[in-house]
Amino acid sequence: MKALPWLYLGLLSLGYGLALSFGQLGWLALISIALLVFAGYAVRQQTVPVGRYLGHGLFIVLALALALHWLPGFYNGRAIEPQRFTDNAVPFSMYLNLDKPLIGFWLLLVCPWIVARRSLRLTVYATALALTLSVILALGGAVLLGMITWAPKWPDQAWLWVLNNLLLVTLVEEALFRGYIQGGLSRRFKHLPYGENLALLLASLLFGLVHVGAGWQWVLLASLAGVGYGLAYRFGGLGAAIATHFGLNLLHFGLFTYPMLAG
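In this text the structure is predicted, and so the values were computed from the model without any measurement. (Residues numbered from 1 in each chain as written. Predicted model: local features only at pLDDT ≥ 70, side-chain atom pairs only at ≥ 80, totals over all residues. Heavy atoms only, no water.)

**Concerning the overall build of the protein chain**
Formally: Secondary structure follows DSSP: runs of H or I at least 4 residues long count as helices, runs of E at least 2 residues long count as strands, and numbering of each begins at the N terminus. A simple rule labels every residue: compare its accessible area, found with a 1.4 Å probe on the protein chains alone, to the largest value its type can have, and call it buried under 20%, exposed over 50%, or partly exposed in between. Residue contacts follow a heavy-atom distance rule, with two residues in contact if any of their heavy atoms lie within 4.5 Å. All accessibility values rest on the Shrake-Rupley procedure with a 1.4 Å probe; residue burial counts only the protein chains present in the view. Positive charges come from Lys and Arg, negative ones from Asp and Glu, while His and the chain ends are left out of the count. In plain terms, the charge of a residue is placed at NZ if it is Lys, CZ if Arg, CG if Asp and CD if Glu.
In terms of helices and strands, the protein chain carries eight helices and four strands. Secondary structure elements of the protein chain occur, N-terminal to C-terminal, as α-β-α-α-β-β-β-α-α-α-α-α. Reported as C-alpha extents along the three principal axes, the dimensions of the protein chain are approximately 60 × 50 × 35 Å. Per-residue burial over the protein chain gives 49% buried out of 263 residues. In the protein chain, of all internal contacts separated by at least 6 residues, the share reaching a separation of at least 24 is 76%. Carbon and sulfur atoms make up 70% of the accessible area of the protein chain, which amounts to about 13,100 Å² in all. Each charge class in the protein chain was averaged separately, 15 positive and 7 negative side chains, and the resulting centres sit 17 Å apart.

**Structural notes on helix α4 (residues 101-110)**
Since the α-helix turns once every 3.6 residues, residues separated by three or four places project in the same direction. Most of α4 sits inside the fold, with nine of its 10 residues counted as buried. Among the residues making up α4, those that are buried are P101, L102, I103, G104, F105, W106, L107, L108 and V110.

**Notes on the UniProt feature "domain: CAAX prenyl protease 2/Lysostaphin resistance protein A-like" (unreviewed entry) in the protein chain**
As a reminder, the rule being used: UniProt positions are given in the numbering used here, feature names are shortened, and annotations may be inferred rather than shown by experiment.
The sites that carry the UniProt feature "domain: CAAX prenyl protease 2/Lysostaphin resistance protein A-like" (unreviewed entry) are, in the present numbering, residues 157-251. Here residues 157-251 runs as 86% helix and 0% strand, with 16 Å between its end C-alpha atoms.

Following this line, the structure appears as structure tokens:
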């Protein structure tokens, strides 16, 4: 494995260690970890082709269950108690999750192709352009929909939020949606004239749909933001996608109502 995936693994390890300091693992968590190891072995082996498809299928099921916190043995500690960062915002609380980072660990170890390395210059350019587009589409759209407003702030818990969002949220989500889903679909659709565009749009739509519990507005805004993240990944690699996603989240947190205006 090349150096960059190991860097991502180091960051995930840091975040995972931070999460462990706020919670604990039960023995039942070993079942999920063992299933992930089995799925990884199935995907990497070369003797039984159908086994690779079954391994990917098992991972997708496990990733969904881990992301939704359905699997036992993970006790996610609450790092930020419910509170309003601004008077007109809905209350916000934050957990340091032990289960979700396992998705990123699996992807970086088993599917190193998701990184899609690019030159540093291209990564920086792609991040700058994609972040600008994402701000216009997502944050601009949220303002127009009356979901957020200008509200600069830097609360006492901000640095904890930064670490959690970068290491345990953004990195994992981009590894999954851009690296695994968009990257995997691009490989499958490479024979189509607009295969990469189709892969980008499908990954963006899926990313939007996972926000359906928050309402149609968040589905729309997340899908639009996903287009920006997808462009960052396509032209700048996984590092650009992570930087774009985190940059948008940081601007939202620091400069606008977070997470949204109260009804």
